[in-house]
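Listed below are the residues making up each chain.
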Amino acid sequence: TPLPLKKPTHRRSAAVSAAASFSISEESLSSRGFTFHRTVENLNLDHLNSVFAAVGFPRRDPEKIRIALEHTDALLWVESSKTSRPVAFARATGDGVFNAIIWDVVVDPNYQGIGLGKAVMERLVTQLLEKGINNIALYSEPRVLGFYRPLGFVSDPDGIRGMVYSRKQKKKK
Amino acid sequence: MPSHDVLALPTALNYPPIVSLDRRSQPFYPFNSPFHLRKGGRNQKVSILKAGFWESIRSGILKNNTAQVVEPPSPVEEVEELLPEEFVLVERTRPDGTVEQIIFSSGGNVDVYDLEALCDKVGWPRRPLSKLAAALRNSYIVATLHSVSKSSGEEVNGQKKLIGMARATSDHAFNATIWDVLVDPSYQGQGLGKVLIEKLIRTLLQRDIGNISLFADSKVVEFYQNLGFEPDPEGIKGMFWYPK
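Summarised in this report is the structure supplied together with it. Position numbers for residues start from 1 in each chain and track the written sequence from start to end. To label them, take the chains in the order written and letter them from A, then take the ligands in the order written and number them from 1. Totals for whole chains, interfaces and linings use all residues, but because this is a predicted model, local features are given only for residues with pLDDT of at least 70 and pairs of side-chain atoms are given and counted only at 80 or more. In computing side-chain properties, one takes all heavy atoms of the structure into account and sets aside hydrogens as well as water.

## Comments concerning the overall build of chain A
No. 1: For the purposes of this entry, the term helix denotes a DSSP run of H or I that reaches at least four residues, the term strand denotes a run of E that reaches at least two, and both are numbered from the N terminus. Of regular secondary structure, chain A possesses 6 helices and 7 strands.
No. 2: Ordered by position in the sequence, the α and β elements of chain A form the string α-α-β-α-α-β-β-β-α-β-α-β-β.
No. 3: Note on exposure labels: buried denotes an accessible area under 20% of the residue type's maximum, exposed denotes more than 50%, and partly exposed covers the range between, all computed with a 1.4 Å probe on protein chains only. By residue count, 49% of the 173 residues in chain A fall in the buried class.
No. 4: The contact definition used throughout considers only heavy atoms, calling two residues in contact when any of these lie within 4.5 Å. Put simply, of all contacts in chain A between residues at least 6 apart along the chain, 62% involve residues at least 24 apart.
No. 5: A total accessible area of about 8,400 Å² is found for chain A, and carbon and sulfur atoms account for 51% of it. Each accessible area value is a Shrake-Rupley result obtained with a 1.4 Å probe; residue values ignore everything except the protein chains displayed when judging cover.

Have a look at this one:
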């Protein structure tokens, strides 16, 4: 099996070498009828919303999705040429220089298990590295920690904890 | 918007010296979102804070006849007036008669040189100024605390010093993440960091951002828990790509 993206000494050269070591090449994927897109152009948001729903996300207002995508630093989606619909997606938000967070990583259940999720993630991370962003983070549900680890993600490094605000949670000391 | 008297702390408070920083550049104005909050007027000192918070600020403070403590009206939990973009949090009189105001702002008026100096004070490694400026520009909200000093009787704002900052990136619809929370060490221990984050959260919630997240060093997890953040909710873990 091809080597996973490895941490290099210099992140920018990582991006170059990473492209050479993607687990699945773009050619291999396109020969199977999958094309990569890196912009929202031609992305049908209702179709995307269906993929979100299929993996269990709450259905969201497509107008809000549109706004979210307009304010997204980088995104990647895979289109199935058979259906002309998105079958895999991931996006990253951030400040464009220091930090990026990856959200909404999804693969249509009918297309899972063939490496599309990994392909999307490898390319998204590479894109962020090419922009010089060194701090790439995400929030992972417990059942998919095993998906992100081989991609190079580490949970709670140095005891850093991901935290989410909850209106019900607030304690007053 | 009703105006409330601002808590005035007595002069007995141990007071840190004010150091003025030369303003070497124009204040930095980052990207303005289309959502514009009504600015508080200069003579309006509005502090919309819950009684519980004031208790924590007041603890340990001696009361004498220069102290005026006014409770805000009985706090209604989440039904609130729109937070003004800028307002006075605290006003206090120093032994020498000068008055200091601590001002919160979510307008993001940060001089990048002032920010660099503040980052130096808390011991953060230096970052290229151009990148710092870009990070501010690309942030959805930049919240700041400034200390403003003036001689009593003057209405004109005097020296303005950056003493705290927190910023949030966001997709403007669903998620926001808070980064770079810092308070000048001379001003720590007064509850200002709590206010900074509380107001930042409030601003985000009022803009309908439902998911507010951050990554906390183990030493400050409890600080954020007390503000309403939950670590690993439902087992969801923060992960980083090949962290150093």
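Having seen the model, we can carry on.
## Considerations on unusual backbone geometry
No. 1: Here the phi dihedral of aspartate 156 of chain A falls at roughly 45°; this positive angle occurs in a residue that is not glycine.
No. 2: As for its placement among the helices and strands, aspartate 156 of chain A is situated in the loop between β6 (153-155) and β7 (161-165).
No. 3: A residue is classified by how much of its surface remains accessible, and aspartate 156 of chain A, at 19% relative accessible area, is buried.
No. 4: Despite not being glycine, tyrosine 242 of chain B shows a phi value in the positive range, around 40°.
No. 5: With respect to the helices and strands, tyrosine 242 of chain B occurs in the segment after β9 (237-241).

## With respect to the sheet that holds strand β5 (residues 135-140) of chain A
No. 1: For two strands to count as paired, DSSP must find a minimum of two bridges between them. Sheet architecture is open: 7 strands sit in the order β1(A)-β2(A)-β3(A)-β4(A)-β5(A)-β9(B)-β6(A), paired in mixed fashion. Lying at the two open borders of the sheet, with one neighbouring strand each, are β1 (34-37) and β6 of chain A. Across the sheet, the axes of successive neighbouring strands diverge by a mean angle of 25°, strand direction being ignored.
No. 2: Direction of pairing for strand β4 (residues 99-107) of chain A relative to β5 of chain A: parallel, over a ladder of 4 bridges. Of the residues in β5 of chain A, the one forming a bridge with asparagine 99 of chain A is asparagine 135 of chain A.
No. 3: Sheet strands in contact with helix α3 (residues 45-54) of chain A are β3 (85-94) and β4 of chain A, and its direction is about 85° off that of β3 of chain A.
No. 4: Contacts from helix α5 (residues 116-130) of chain A reach β1, β2 (74-80), β3, β4, β5 and β6 of chain A together with β9 of chain B within the one sheet, and its direction differs from that of β2 of chain A by about 150°. Between N-to-C directions, angles cover 0 to 180 degrees, with each direction set by a line fitted to C-alpha atoms, over the stretch in contact for helices.

## Examining the interface of chain B and chain A
No. 1: Taken together, the contact between chain B and chain A spans 53 residues of the former and 57 residues of the latter.
No. 2: Computed with a 1.4 Å rolling probe, the buried area is the accessible surface lost when two parts are put together, summed over both parts. Buried surface at the junction of chain B and chain A, summed over both partners, amounts to about 5,500 Å²; 58% is from carbon and sulfur atoms.
No. 3: Its largest share of buried area at the contact with chain A, chain B owes to Met239, Trp241 and Tyr242 of chain B, together 18% of the area lost on that side.
No. 4: Within this document, salt bridges are pairs made up of a side-chain nitrogen of Lys or Arg and a carboxyl oxygen of Asp or Glu, the two lying within 4 Å of each other. The interface formed by chain B and chain A includes 4 salt bridges.

## Quick look at the pattern of salt bridges
Residue and element names in this part refer to chain B.
No. 1: Counted under the stated rule, the structure contains 18 salt bridges over all chains.
No. 2: Two residues, arginine 126 and glutamate 116, come together in a salt bridge whose shortest N-O distance is 3.4 Å. In this pair, arginine 126 is assigned in the loop between α2 (112-121) and α3 (129-137) and glutamate 116 in helix α2, connecting sequence segments 10 residues apart.
No. 3: In this structure arginine 126 comes out as exposed when scored by relative accessible area, which is 57%.
No. 4: Given a relative accessible area of 13%, glutamate 116 falls into the buried group.
No. 5: Between arginine 167 and aspartate 180 there is a salt bridge whose closest N-O contact spans 2.9 Å. One end of the pair, arginine 167, is in strand β5 (residues 160-170); the other, aspartate 180, is in strand β6 (residues 175-183), and 13 residues separate them in sequence.

## Overview of the packing of α3 of chain A against helix α4 (residues 62-70) of chain A
All names here are of chain A.
No. 1: Closest axis-to-axis distance for the α3/α4 pair is 10 Å, and the angle between their directions is 100°. Between α3 and α4, the interaxial angle falls into the category roughly perpendicular. In this structure, α3 uses Leu45, Asp46, Leu48, Asn49 and Phe52 to contact α4, whose residues at the interface are Pro62, Ile65, Arg66 and Leu69.
No. 2: Split by residue class, the contact of α3 with α4 holds 6 nonpolar, 1 polar and 2 charged. Here roughly perpendicular refers to angles of 65 to 115 degrees, roughly parallel to angles under 35, roughly antiparallel to angles over 145, and oblique to all remaining angles. Under the scheme applied, nonpolar residues are Ala, Val, Leu, Ile, Met, Phe, Trp, Tyr, Cys and Pro; charged residues are Asp, Glu, Lys and Arg; polar residues are all the others, including Gly.

## Points about the packing of α2 of chain B against α3 of chain B
All names here are of chain B.
No. 1: Two elements in contact, α2 and α3, have axes whose closest approach is 10 Å; the angle formed by their N-to-C orientations is 105°. Regarding the angle of α2 to α3, the classification is roughly perpendicular. Contact residues: α2 offers Val112, Tyr113, Leu115 and Glu116, while α3 offers Leu129, Leu132, Ala133 and Leu136.
No. 2: Among the residues making up the contact of α2 with α3, the classes are represented as 7 nonpolar, no polar and 1 charged.

## So, the layout of surface pockets
No. 1: Using only the protein atoms, space was sampled on a 1 Å grid; points where a 1.4 Å probe fits but cannot get out form cavities, open sets with protein on both sides within 12 Å along at least five of seven lines form pockets, and lining residues are those with an atom within 4 Å of a point. Grid points are joined across faces, edges and corners, and a volume is the space filled by probe spheres set on the points. Approximately 1,300 Å³ is the volume found for the second largest pocket.
No. 2: Lining the second largest pocket are 41 residues, and of these Phe57, Asp104, Tyr139 and Glu141 of chain A together with Ile236 of chain B lie nearest its centre.
No. 3: Only β4, α5, β5, α6 (145-148) and β7 of chain A together with β7 (211-216) of chain B provide two or more residues apiece to the lining of the second largest pocket.
No. 4: Tallied by class, the residues present in the lining of the second largest pocket amount to 22 nonpolar, 10 polar and 9 charged.

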